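The residues making up each chain are set out below.
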Amino acid sequence: MAKPRPEEPATRPRWPRFVLLLAVLFIIDAVLVGGDVADRLLNGGTEDEGSESAQATELLEDAFPASEPNLVLVVSAPAGGTVDDRAVAADGIRLAERLAFQPDVSGVTSYWATGAEQLRSEERDHALILAHIEGTEDEAQAVLERLEPDFRGTPEGTEQVEVRIGGTVAAIGQVQETISEDLLTAELIALPITLIILILVFGGVVAALLPLGVGVVAILGTNAALRVVTEFTDVSIFAQNLTTALGLGLAIDYALLIVRRYREELAGGLAPREAVARTVRTAGRAVLFSALTVAVSLSAMLVFPLYFLRSFAYAGISVVLLAAAAALVLLPAVLLLLGHRVDALRVRRRRDPAAAVADGGGAWRRIAGTAVKHAPLVAIGTTVVLVVVGLPFLRVEFGTTDDRQLPETAEARVAQDIIRDDFDSSATATVELVARQADSERDADGIETFALRLSELPGVASVDSPVGTYEDGVRTVSETPAHALRAHEGMSHLSVVPESGIEVSSAEAQEIVLGARELAGQADFRAFETLVGGDAAVLEDSKEAISSRLGWALLIIVGASLLLMFLLTGSLLIPVMSVVLNALSLSAMFGAVVWVFQDGNLSGALGFTATGTIEVTLPVLMFCVAFGLSMDYGVFLLSRVTEEYRRTGDSPGAIVAGVQRTGGVITAAALILSVVLVAIGTSRITNTKMLGLGVALAVIVDSTLVRGLLLPAVMRLGGRLTWWAPAPLARFQERFGLREEVPEPAPPSAAGEPPARPRPSEPVLEDAP
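The text that follows walks through the structure, step by step, so that each part is easy to find.

What counts as what
- Residues numbered from 1 in each chain as written.
- Predicted model: local features only at pLDDT ≥ 70, side-chain atom pairs only at ≥ 80, totals over all residues.
- Heavy atoms only, no water.
- Helix = DSSP H or I, 4+ residues; strand = E, 2+ residues; numbered from the N terminus.
- Expected span 1.5 Å × (residues − 1).
- Buried < 20%, exposed > 50% of the residue type's maximum accessible area, 1.4 Å probe, protein only.
- Salt bridge = Lys/Arg side-chain N within 4 Å of Asp/Glu carboxyl O.
- Pairing = 2+ DSSP bridges.
- Axes fitted to C-alpha atoms, helices over the stretch in contact; angles between N-to-C directions.
- Contact = heavy atoms within 4.5 Å.
- Patch = residues over 30% accessible without salt bridge, like charges linked within 9 Å, V, L, I, M, F, W, Y side chains within 5 Å.
- Areas by Shrake-Rupley, 256 points an atom, 1.4 Å probe, with all protein chains shown as cover.
- Lys, Arg positive; Asp, Glu negative; His and termini not counted.
- Charge placed at Lys NZ, Arg CZ, Asp CG, Glu CD.
- Phe/Tyr/Trp six-rings, centres within 6.5 Å; stacked < 30°, edge-to-face > 60°.
- Lys NZ or Arg CZ within 6 Å of the ring centre and 35° of its normal.
- Parallel < 35°, antiparallel > 145°, perpendicular 65-115°, else oblique.
- Left-handed = near helix turned anticlockwise from the far one by under 90°.
- Nonpolar A, V, L, I, M, F, W, Y, C, P; charged D, E, K, R; others polar.

1. Focus on helix α3 (residues 52-63)
Right, on to step 1. In this model α3 runs 16 Å from its N-terminal to its C-terminal C-alpha over 12 residues, within 8% of the 16 Å that 1.5 Å per residue would give.
Right, on to step 2. Along α3, the residues that are buried comprise Ser53, Ala54, Ala56, Thr57, Leu59, Leu60 and Ala63.

2. Topic: the pattern of salt bridges
Right, on to step 1. Scanning the model with the defined rule gives 28 salt bridges in all.
Right, on to step 2. Among the salt bridges present, the one from Asp36 reaches Arg227, with a minimum N-O distance of 3.1 Å. Linking Asp36 in the loop between α1 (15-34) and α2 (37-40) with Arg227 in helix α8 (residues 205-229), this pair joins segments that are 191 residues apart in sequence.
Right, on to step 3. Between Arg152 and Glu148 there is a salt bridge, with its nearest N and O atoms 3.2 Å apart.
Right, on to step 4. The exposure class of Glu148 is buried, given its relative accessible area of 19%.
Right, on to step 5. Each of Arg260, Arg261, Glu264, Glu265, Arg278, Arg640, Glu643, Glu644, Arg647 and Arg661 takes part in salt bridges that share partners, so that together they form one network.

3. Let's talk about the pairing of strand β11 (residues 529-533)
Right, on to step 1. Of all 5 residues in β11, 4 are buried, a share of seventy percent or more.
Right, on to step 2. Two strands pair when backbone bridges link them, and strand β6 (residues 431-436) and β11 are joined in this way by 5 bridges, in the antiparallel orientation. Within β11, the position partnered with Leu433 by the bridge is Val532.

4. Remarks on the sheet that holds strand β2 (residues 105-110)
Right, on to step 1. The 4 strands are arranged β2-β3-β1-β4 in an open sheet whose pairing can be described as antiparallel. Two strands close off the open sheet at either side, each with one partner strand: β2 and β4 (162-166). Strand-to-strand twist of the sheet, defined as the mean angle between neighbouring strand axes without regard to direction, takes the value 20°.
Right, on to step 2. Along the sheet face, helix α4 (residues 86-100) touches β1 (71-76), β2, β3 (126-133) and β4 and points at about 165° away from the line of β2.

5. Structural notes on a negative patch on the surface
Right, on to step 1. Where like charges cluster on the molecular surface, the negative patch consists of Asp39, Glu49, Asp104, Glu134, Asp138, Glu139 and Asp234.
Right, on to step 2. Within the secondary structure, Asp234 sits in the loop between α8 and α9 (239-267).
Right, on to step 3. Here Asp234 falls in the partly exposed class, since its relative accessible area comes to 33%.

6. Quick notes on a nonpolar patch on the surface
Right, on to step 1. Taken together, the side chains of Phe18, Leu21, Leu22, Val24, Leu25, Ile28, Leu32, Val33, Val228 and Phe232 present a nonpolar region at the surface, about 980 Å² in accessible area.
Right, on to step 2. Top contributing element to the nonpolar patch by residue count: α1, with 8 residues.
Right, on to step 3. With respect to the secondary-structure elements, Val228 resides in helix α8.

7. With respect to unusual backbone geometry
Right, on to step 1. One non-glycine residue, Asp104, lies in the positive phi region at around 65°.
Right, on to step 2. Along the chain, Asp104 falls in the loop between α4 and β2.
Right, on to step 3. For Asp104, a relative accessible area of 41% translates into the label partly exposed.

8. Description of the packing of aromatic side chains
Right, on to step 1. Evaluation of the coordinates by the stated rule reveals 10 aromatic pairs.
Right, on to step 2. Ring plane angle 70° and centroid distance 5.1 Å describe the contact between Phe308 and Phe312, whose orientation is recorded as edge-to-face. Within this pair, Phe308 and its partner Phe312 are both found in helix α11 (residues 307-338), separated by 4 residues, close to a single helical turn.
Right, on to step 3. The class for Phe308 is buried, based on a relative accessible area of 4%.
Right, on to step 4. Seen from their ring centres, Phe525 and Phe528 are 6.4 Å apart, and the 45° between their planes marks the pair as tilted.
Right, on to step 5. Site record: aromatic cluster; members linked through ring pairs are Phe238, Phe308 and Phe312.
Right, on to step 6. In this arrangement the basic side chain of Arg98 is found over the ring face of Phe151, its NZ or CZ atom lying 5.8 Å from the centre.

9. Points about the packing of α9 against helix α22 (residues 651-681)
Right, on to step 1. Where α9 contacts α22, the two axes come as close as 9 Å, and the packing angle between them is 160°. The angle between the axes of α9 and α22 places the two elements in the roughly antiparallel class. In this structure, α9 crosses over α22, and the sense of that crossing is right-handed. In this structure, α9 uses Asn241, Thr244, Ala245, Leu248, Gly249, Ile252, Asp253, Leu256, Leu257 and Arg260 to contact α22, whose residues at the interface are Arg661, Val665, Ala668, Ala669, Ile672, Leu673, Val676, Leu677 and Ile680.

10. As for the environment of Gly634
Right, on to step 1. With respect to the helices and strands, the residue Gly634 is situated in helix α21 (residues 618-648).
Right, on to step 2. Note: C-alpha distance between Gly634 and Asn582 (52 residues apart in sequence) is 8.9 Å.
Right, on to step 3. Residue contacts for Gly634: discarding those within four places in its chain leaves Ser639 and Arg707.

11. Focus on the environment of Val714
Right, on to step 1. The residue Val714 is located in helix α23 (residues 686-718) in this model.
Right, on to step 2. With 338 residues separating them in the primary sequence, Val714 and Pro376 have C-alpha atoms 8.0 Å apart.
Right, on to step 3. Aside from chain neighbours lying at most four places away, what touches Val714 is Ala379, Met577 and Leu581.

12. Overview of the packing of helix α14 (residues 375-390) against α23
Right, on to step 1. Interhelical geometry of α14 versus α23 gives an angle of 140° and a closest axis separation of 8 Å. Compared by their axis directions, α14 and α23 come out oblique. Crossing of α14 against α23: the hand is left-handed. Taken together, the residues of α23 that come into contact with α14 (itself represented by Ala375, Pro376, Val378, Ala379, Thr382, Thr383 and Leu386) are Val701, Leu705, Val706, Leu709, Leu710, Ala713, Val714, Arg716 and Leu717.
Right, on to step 2. Residue composition of the contact of α14 with α23, by class: 13 nonpolar, 2 polar and 1 charged.

This is the structure in structure tokens:
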């Protein structure tokens, strides 16, 4: 009776087919559950919902809807005409009246009803109709969709005007629509390019499809997870971009490491079952450790009260854990079923020289050898380069997101551009206050004194209040005509208008907010509670919410990274090296972001409008994502360096061998992730573009300069101290550490001598898979 081939054991295990069946059922369920996730996601979450500005906004929306308009109709007169022409005015009045009678619309006001100059452009060719759509974000979008056909363009019943629809509700809807379209485009760009790179790396179609399959499972599973989360809390629509980037990127990273190690073990003579077992014990541990590190980095965003940041934690943790689970459970099952057929449909011969280089051959050996040989020069030179590139971040200015993240042709952007260019720009930075009074008549004098004192603050042009308008401590109008700012149910609304040229993100606007709050806290005005709102106050509160919790987030990220890296390496110095070098590499990303997106360099080539600020939440998000990915590549490298060091005891040789044997994997993984991130960066939404391109730069810098040059050089400078740990900690790591399995040493020679170790400068080259 013929013996079975190693790859075809007499009794095939049944569990791989069972795992594959469960995976198919999981994919079907994920598609059904997560199919409508995009419709459940929101555009917002960049403000602290428990802050003073959020409370003020809620009160103003309920009691003074006209003070918080979220729908703007920009009414334009025909060429050569003005909004004061009889026919144009008649059309404008009819539009405002028609809008006022719409269900779920309140607080309608217009230039023709009030005569307010701030509602008319300086050239008198545009005028505004303001309104407030009630309800949640989803409900407001539904109302807007119903209104748009009757109010856009030249509405029925009008002849002399052209109407453009703007405001926050319109901008939100167009951002959501644009992101959905761009995400589909990014996937169509990234998937085929990724497949081509994988085919080139593996040299075969079957092996290349495996990492892609793991990525698809992670993305679909995360969409389902986000859909479930939306039942309990708000989730930002921008989280979908991170799902695609990390789903493809990390899943491919993990699968690349698993498949590569499996093929290496097969090439070493192991049967498929033994090869899978060895792969899971070695590369699988690196995958598990990497997933824990990335998940911890992303979980730090849960400490912030802004659901924009928490959303990325929901998406990131889900996609990382699903990618790791698919790589550690589903992929080994598929490899068992494939056996040696993992090399089917090859497109090139196994020992092609290009494959050897891609898998960590001579090129990476020479690079690492140079870094080790000239460690001081390489360490200093690389550090200087990263510090210089990061210097622009020292002048970062934080701001809020507005319509300018939309493409210039978007209707909400066009409408707001007209307002920004042709109307009084100071109106956009208005600080809104609401005073809650126990006795309206008794507190009337207090409100008047408070308004007068507000008008004296630096940078304030005027203050509109229920009792009049004030400028520089003098009442100029006995009763404010605009917005009818009267006391309502024990509350009064005051509107502080900054001087011309002061924008929301400026230091002057922030000083007005702080001055108003300080004034409200004085003993003279404690008879009524005053809350300060408006966009400038939202920005101030968002910065405070982030800065007050940033220390906790950093403690979680750094502390967990140090602990996990110690468990992997058993060294006290290597974890500190990794964290410091990661922070150094991220400085290049932040410097580039400021130089490009804040200062506007390359704005024409990249197709965005620079506002002179960076959205306040994005640096936190980019730090958590990029730090996690950097640690991911650090795990790949250090796990192999540690394995070599434990096998040989030769630190320089282990460094060179580790870089050599993982250089190709890290390069391929970083290249693929960069492709996905750059595809995300082609988005027409500026924040998404910044996220994709910024993190792509961090990945490229980390996988080349840091992992190829800086880390090997710094480890060489540390010498044997690099691997030192106190005895109690060493014993702890021996017991609980997550370490790569060290291969069995070769048997002794005939003379009884130990096997020869590879020379540090000449590590053994691996065969290409």
